[in-house]
Amino acid sequence: MKTVLITGCSSGFGLETARYFLERNWQVVATMRVPREDVLPPSDRLRVLALDVTDAESILRALEAAGPIDVLVNNAGVGAAAPFEFTPVATMHALFDTNTLGTMALTQAVLPQFRQRAEGVIVNVTSSTTYKPLPLVAAYRASKAAVNAFTESLAAEVGQFGVRMHVVLPGRSPETRFGDNARPHMHGLQEAAYAGLVQHVMAGLGDTSVPHTHARDVAEAVWRAATDPASPMHIPAGADAEAWAAEAR
Ligand SMILES: NC(=O)c1ccc[n+]([C@@H]2O[C@H](COP(=O)([O-])OP(=O)(O)OC[C@H]3O[C@@H](n4cnc5c(N)ncnc54)[C@H](OP(=O)(O)O)[C@@H]3O)[C@@H](O)[C@H]2O)c1
């Protein structure tokens, strides 16, 4: 029986992905900053472990407790839609610490076991914003574009050891906690110079009348990456992400 370890399982895509793999009889290590057993169905194939991807000790402890894994899903992430001019450097650090460096640190920590066993899959959840230069997400988009670039290069480095690397690029999903969790990182929304742009972008972010992404789309894309060796390195998830990927080709 295969084992997947997923980061950021307290809500949204991570939680749905954990459910999806459990339903398909995998062993699931669902990690969260604050572990909660009650968000997932009870199963003897489920383990819920504490993991903060910005904390090196926490990474070590979680991987030790998890034991051997077959697939790592770097899903934990944080957003911020705000004018870059008013984005504090501390916010840029928060975005890169979680989205970029957290992903890189976990990846580095699992590589020895994957290389020694000559197999393993790493799935990095980035964003369809990397397909398009959208406003108000400059720092967030940069943190995710860095993961795309990281994944592509590392794939060329560790493919020789049987390790597969993928990026799943979800579209806009108003159904997760992403917007609420982003709010504390958003500054400058009231600034007059950006008012028109902010109003326009914010109205679009919550619009469910146009194609958008469901958590299930992301779970399916991660599943495909994990289980199909012929799947492409970049997998858009959600109707909007698929349309943007096609435009970018
Ligand atoms: N929703 C969208 O529109 C969208 C679109 C494209 C890409 N994405 C990406 O998809 C991923 C999942 O987002 P989501 O939409 O499911 O949002 P979400 O509901 O806010 O889930 C994000 C998860 O990441 C966790 N997290 C944040 N910082 C962490 C840290 N330092 N260590 C470990 N876990 C941490 C959160 O845990 P806590 O509960 O502890 O905060 C939460 O479980 C993110 O990487 C996001 O950038 C989202």
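Residues numbered from 1 in each chain as written. Predicted model: local features only at pLDDT ≥ 70, side-chain atom pairs only at ≥ 80, totals over all residues.

1. A closer look at the site of the ligand
Thinking step 1. As a matter of local geometry, the ligand sits amid 29 residues, with Gly8, Gly12, Ala76, Gly77 and Thr176 nearest to it.
Thinking step 2. If you list the elements that add at least two residues to the shell around the ligand, you get helix H1 (12-23), helix H3 (89-117) and helix H5 (178-182).
Thinking step 3. Looking at which element gives the most residues to the shell around the ligand, the answer is H1, with three residues.
Thinking step 4. A per-class count over the shell around the ligand returns nine nonpolar, 16 polar and four charged. (Near = placed C-beta within 6 Å. Helix = DSSP H or I, 4+ residues; strand = E, 2+ residues; numbered from the N terminus. Nonpolar A, V, L, I, M, F, W, Y, C, P; charged D, E, K, R; others polar.)

2. Points about the sheet that holds strand S1 (residues 3-6)
Thinking step 1. Across the sheet, which stays open at both edges, the seven strands sit in the order S3-S2-S1-S4-S5-S6-S7 with parallel pairing between neighbours. Since the sheet does not close on itself, it has two edges, and those belong to strand S3 (46-50) and strand S7 (234-237), each with one partner. Neighbour-to-neighbour, the strand axes of this sheet turn through a mean angle of 20°, independent of strand direction.
Thinking step 2. Here strand S6 (residues 163-170) runs beside S7; their pairing, made up of four bridges, is parallel. Each bridged residue has a counterpart across the sheet, and for Pro170 the counterpart in S7 is Ala237.
Thinking step 3. Packed onto the sheet, helix H2 (residues 56-66) meets S1, strand S2 (27-32) and S3 and runs at close to 160° relative to S3. (Pairing = 2+ DSSP bridges. Axes fitted to C-alpha atoms, helices over the stretch in contact; angles between N-to-C directions. Contact = placed C-beta atoms within 7 Å.)

3. Overview of helix H4 (residues 138-158)
Thinking step 1. Taking 1.5 Å per residue, 21 residues should reach 30 Å; H4 reaches 30 Å between its end C-alpha atoms and fits that length.
Thinking step 2. Along H4, the residues classified as buried are Ala139, Tyr140, Arg141, Ser143, Lys144, Val147 and Thr151.
Thinking step 3. Close packing links the buried residues of H4 with H3, strand S5 (120-125) and S6. (Expected span 1.5 Å × (residues − 1). Buried ≥ 20, exposed ≤ 12 C-beta atoms within 10 Å, placed from the backbone.)

4. Looking at the environment of Ser10
Thinking step 1. Tracing the chain through its elements places Ser10 in the loop between S1 and H1.
Thinking step 2. By the C-beta count within 10 Å, which is 18 here, Ser10 ends up partly exposed.
Thinking step 3. As a C-alpha pair, Ser10 and Arg36 span 26 residues in sequence and 7.3 Å in three-dimensional space.
Thinking step 4. Not counting chain neighbours up to four residues away, the residues in contact with Ser10 comprise Leu15, Met32, Val34, Arg36 and Val39.

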